[in-house]
Amino acid sequence: MTVWLLGDQLHPESDVLDGADRVLLIEATAFADRRSYHPQKLTLVFAAMRHARDRLREAGYEVAYRRAETFGAGLDDHFEAYPGDDLRLMEPPSHGAGERLHELVDARGGSLTLVEDDRFLRSPAAFDDWHDGDDFRHEDFYRWMRRQEDVLMDGDDPVGGRWNYDEENRETPPSDWSPPPVPRFEPDALTRETLAWVTDRFDTWGRAERFDWPVTRDEALTALDHFVTHRLPEFGPYQDAMVGGEAALAHSLLSSSLNLGLLHPREVIDAAVAAYDRGDAPVASVEGFVRQVLGWREFMRHVYRRTMPELAEGDLLDRSRDLPPLYDGEGTRMRCLDEAVSHVYDDGYAHHIERLMVLSNFATLYGADPHRLNEWFHFGFVDAYHWVTTPNVLGMGTFATDAFTSKPYVSSGSYVDRMSDHCADCPYDVDATTGEDACPFNALYWDFLDDHEDHLRGTGRMGLMYSHVDRKSESAYEAIRERAATVRERAADGTL
């Protein structure tokens with residue numbers, strides 16, 4: 001029996017490896033020819049696979065490592081060497097992937113057994129037993145998960161008497177604050193070879209030169225320890241903040257390792273909770289981090305599973321514009337947006353508030369096709385996979401679906417001003433809505449509410465927003481529409 005590991009299933013202690021005669025990894029490249037992926041994303045995936053191959057061999061496994069254009073071609077090579085082989089594979093989370101791989105194996109005379117994906121904490125069956133409806137609310141799920149996993153619990157109650165510490169976790173750092181150190185992993189010879197191959201072999205988008213993501217299990221564990229020791233204490237209060245010239249702040253930078261399977265969510269959660277138990281990190285920071293891993297990451301997996309393929313189809317607000325060229329890295333005078341895009345271009349990463357309230361917010365207000373934005377996230381971010389980007393971008397980010405959100409997460413420039421230092425040095429005036437120097441977010445925001453009033457006015461928590469709309473005169477809205485049109489025109493031609 002051969003265990004087939006995909007490139008995001010690299011944990012060396014996964015249950016699927018129990019009793020394996022050999023391990024199969026197929027390094028298929030066709031997917032990377034379909035889009036201009038970030039070179040650091042491709043390097044991360046392929047280098048992690050190659051390092052995992054070597055570590056498995058060192059651990060005594062026989063490893064069949066196939067390099068091919070497609071999975072089908074790799075399976076052709078494998079079944080030529082092992083006719084009729086029986087394969088075992090963890091069920092991949094991307095919609096329909098398990099069925100497609102089953103068909104490929106069956107067509108070549110082998111057999112494939114799909115087993116539960118142990119890279120998550122709650123199985124599909126457990127989630128479906130808990131919730132069989134079609135309304136998905138994260139807070140209910142998060143509290144259920146805390147109880148099920150006994151994380152930050154005092155009996156049946158949350159530690160500290162509160163389920164969340166959002167109010168404490170929305171601070172902006174003082175001007176003299178310096179972010180904690182960021183771990184950097186110098187590429188070894190194998191990773192450097194992989195990076196050179198990627199940049200020579202593929203048409204990519206983004207900067208390749210300073211690749212330093214963890215690509216091995218040991219490096220991922222070092223990254224986890226570094227986060228817990230140096231950045232977790234300050235993660236909570238500043239997790240929603242944006243600071244000029246700083247991409248990481250106190251964020252964990254562990255999502256790529258989690259999504260590759262180099263780290264298991266339980267060990268990540270346990271490490272954070274242990275820091276709280278030792279008195280090394282405050283409950284607000286630890287709860288905020290636990291909420292992301294135990295709550296949101298797991299929630300996205302199940303929402304995606306239960307709502308596909310409809311999730312990835314259509315748009316509640318029927319938007320169709322192309323992404324403006326600033327998303328290609330061509331630059332804009334909007335400091336917040338230029339910083340966020342630059343972070344993605346330079347490192348294949350931006351933290352969650354930049355993703356939601358800058359990158360997605362602007363695309364939503366601009367009227368970009370949310371599916372084009374989803375593709376941009378998918379090829380640009382090192383931690384992006386279809387199961388996680390699709391619900392985040394189409395649900396939370398752009399309100400293309402209301403499967404699990406009750407309102408669009410949009411804002412004017414005031415939110416960026418409150419949560420960052422960007423506006424002070426931006427040539428646009430965050431306090432102005434119309435006029436040549438007015439912050440583009442402002443007119444786009446009010447124009448968005450006006451354009452989509454029929455759909456949004458009675459939606460969720462939109463009442464307060466529309467009470468402000470109702471106080472604006474028609475002449476004020478004429479100026480807003482004119483300014484919004486100018487912003488869209490300049491964004492489209494690259495002169496914003």
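Read on for a plain summary of the structure.

Rules behind the numbers
Each residue is numbered by its place in its chain's sequence as written, counting from 1. Side-chain atom pairs in this predicted model are given and counted only at pLDDT of 80 or more, local residue features only at pLDDT of at least 70, and totals for whole chains, interfaces and linings cover all residues. Here the side-chain values reflect all heavy atoms present in the structure, with hydrogen atoms and water set aside. Strands here are runs of E lasting at least two residues and helices are runs of H or I lasting at least four, both read from the DSSP assignment and numbered beginning at the N terminus. Put simply, the radius of gyration uses C-alpha atoms, and a globule should come to 2.2 Å times the residue count raised to 0.38. Only protein chains enter the accessibility calculation, which uses a 1.4 Å probe; a residue is then buried when its area is under 20% of its type maximum, exposed when over 50%, and partly exposed in between. Accessible surface area values rest on a Shrake-Rupley calculation with a 1.4 Å probe, where residue burial reflects the displayed protein chains alone. Here the positive residues are Lys and Arg and the negative ones are Asp and Glu; neither His nor the chain ends is included. A single reference atom marks each charge: NZ on Lys, CZ on Arg, CG on Asp, CD on Glu. Aromatic rings from Phe, Tyr and Trp, taking only the six-membered ring of Trp, are treated as a pair when their centres fall within 6.5 Å; an angle between ring planes under 30 degrees marks them as stacked, one over 60 as edge-to-face, and anything in between as tilted. When the NZ atom of lysine or the CZ atom of arginine is within 6 Å of a ring's centre and also within 35 degrees of its normal, the charge is said to sit over that ring. Strand pairing is defined by DSSP finding a minimum of two bridges between the two strands. Viewed with both strands pointing away, a crossover whose connecting path from the first strand over the helix to the second turns clockwise is right-handed. For this document, the term salt bridge refers to a Lys or Arg side-chain nitrogen within 4 Å of an Asp or Glu carboxyl oxygen. Cavities and pockets are found on a 1 Å grid laid over the protein atoms alone: a cavity is a set of points where a 1.4 Å probe fits but cannot escape, a pocket is an open set with protein on both sides within 12 Å along at least five of seven lines, and a lining residue has an atom within 4 Å of such a point. Grid points are joined across faces, edges and corners, and a volume is the space filled by probe spheres set on the points. Every helix has an expected span of 1.5 Å times one less than the residues it contains. What the bend at a residue measures is the angle between two axes, fitted to the seven residues ending there and to the seven starting there. Only the contacting stretch of a helix is used when fitting its axis, a line to C-alpha atoms as for every element, and angles between N-to-C directions run 0 to 180 degrees. Here is the rule for angles: anything less than 35 degrees is roughly parallel, anything more than 145 is roughly antiparallel, 65 through 115 is roughly perpendicular, and the remaining ranges are oblique. Left-handed describes a crossing in which the near helix is turned anticlockwise from the far one by less than a right angle; the clockwise case is right-handed. Contact criterion: two residues are considered in contact whenever any of their non-hydrogen atoms come within 4.5 Å of each other.

Thoughts on the overall build of the protein
Turning to step 1, where the next piece is worked out: Secondary structure summary: the protein contains 20 helices and seven strands in total.
Turning to step 2, where the next piece is worked out: A compact globule built from 496 residues would reach a C-alpha radius of gyration of about 23 Å, and the protein, at 23 Å, matches this within 12%.
Turning to step 3, where the next piece is worked out: Each of the three principal axes of the protein carries a C-alpha extent, and together these read 75 × 50 × 45 Å.
Turning to step 4, where the next piece is worked out: Burial analysis of the protein (496 residues in total) assigns 58% to the buried set.
Turning to step 5, where the next piece is worked out: When the accessible area of the protein is evaluated, it comes to approximately 20100 Å², of which 44% is carbon and sulfur surface.
Turning to step 6, where the next piece is worked out: Computed over 51 positive and 93 negative side-chain charges, the inter-centroid distance for the protein is 0 Å.

Some thoughts on the packing of aromatic side chains
Turning to step 1, where the next piece is worked out: Tallied over the entire structure, the rule returns 32 aromatic pairs.
Turning to step 2, where the next piece is worked out: Their ring planes at 85 degrees and their centres at 6.1 Å tell us that F299 and F404 sit as a pair that is edge-to-face. One end of the pair, F299, is in helix α11 (residues 283–307); the other, F404, is in the loop between α15 (386–397) and α16 (413–419), and 105 residues separate them in sequence.
Turning to step 3, where the next piece is worked out: A relative accessible area of 5% places F404 in the buried class.
Turning to step 4, where the next piece is worked out: Every member of this aromatic cluster is reached through a ring pair, and the members are F127, W130, F136, F141, W144, W296, F299 and F404.
Turning to step 5, where the next piece is worked out: The ring of Y366 carries R321 above its face, with NZ or CZ at 6.0 Å from the centroid.
Turning to step 6, where the next piece is worked out: The side chain of K472 reaches across the aromatic face of W446, ending 4.4 Å from its centre.

Notes on the pairing of strand β5 (residues 111–115)
The side chains of a regular strand alternate, first on one face of the sheet and then on the other.
Turning to step 1, where the next piece is worked out: Direction of pairing for strand β4 (residues 86–90) relative to β5: parallel, over a ladder of five bridges. Within β5, the residue paired with D86 across the bridge is S111.
Turning to step 2, where the next piece is worked out: With respect to chirality, the unit in which β4 leads through helix α4 (residues 97–107) into the neighbouring parallel β5 is right-handed.

Considerations on unusual backbone geometry
Turning to step 1, where the next piece is worked out: Cis rather than trans, the peptide bond between M308 and P309 has omega equal to 5 degrees.
Turning to step 2, where the next piece is worked out: Structurally, P309 is set in the loop between α11 and α12 (335–347).
Turning to step 3, where the next piece is worked out: With a phi angle near 50 degrees, L152 is a residue other than glycine that sits in the positive phi range.
Turning to step 4, where the next piece is worked out: Considering the arrangement of structural elements, one finds L152 in the loop between α6 (138–149) and β6 (153–154).
Turning to step 5, where the next piece is worked out: Exposure remark for L152: the relative accessible area of 5% places this residue in the buried category.
Turning to step 6, where the next piece is worked out: Phi angles above zero are rare outside glycine, and F399 is one such case at about 55 degrees.
Turning to step 7, where the next piece is worked out: By the secondary structure assignment, F399 is in the loop between α15 and α16.
Turning to step 8, where the next piece is worked out: Using a relative accessible area of 1% as the deciding quantity, one classes F399 as buried.

A closer look at the pattern of salt bridges
Pairs can form between side chains of opposite charge whenever their charged atoms are close.
Turning to step 1, where the next piece is worked out: Under the criterion given, the structure shown has 39 salt bridges.
Turning to step 2, where the next piece is worked out: Salt-bridge contacts for D76 lead to R108; the nearest nitrogen and oxygen are separated by 2.6 Å. Remark: R108 occurs in the loop between α4 and β5 and D76 occurs in helix α3 (residues 71–81); sequence separation between them is 32 residues.
Turning to step 3, where the next piece is worked out: For D76, a relative accessible area of 39% translates into the label partly exposed.

Quick look at the layout of surface pockets
Turning to step 1, where the next piece is worked out: One number sums up the size of the second largest pocket: a volume of about 1100 Å³.
Turning to step 2, where the next piece is worked out: Lining of the second largest pocket is provided by 42 residues; of these, F31, R34, F71, S94 and H378 occupy positions nearest its centre.
Turning to step 3, where the next piece is worked out: Counting residues per element, the ones that place at least two in the lining of the second largest pocket are β2 (22–28), α1 (30–34), α2 (39–58), α3, α4, α14 (370–380) and α15.
Turning to step 4, where the next piece is worked out: The dominant element in the lining of the second largest pocket, judged by the number of residues it contributes, is α15, at five residues.

So, α11
Turning to step 1, where the next piece is worked out: With 25 residues, α11 extends 34 Å between its outermost C-alpha atoms, agreeing within 8% with the 36 Å of an ideal straight helix rising 1.5 Å per residue.
Turning to step 2, where the next piece is worked out: By the largest-angle criterion, R291 marks the main kink of α11, which is about 30 degrees.
Turning to step 3, where the next piece is worked out: Burial analysis of α11 places 21 of its 25 residues in the buried class, which makes it a mostly covered element.

Some words on the packing of helix α10 (residues 265–278) against α11
Turning to step 1, where the next piece is worked out: Packing of α10 against α11 leaves a shortest axis separation of 9 Å and a crossing angle of 165 degrees. Taken as axis vectors, α10 and α11 run roughly antiparallel relative to one another. Between α10 and α11 lies a crossing whose hand is left-handed. Contacts from P265, V268, I269, A272, V273 and Y276 in α10 reach V283, V286, F289, V290, V293, L294, R297 and E298 in α11.

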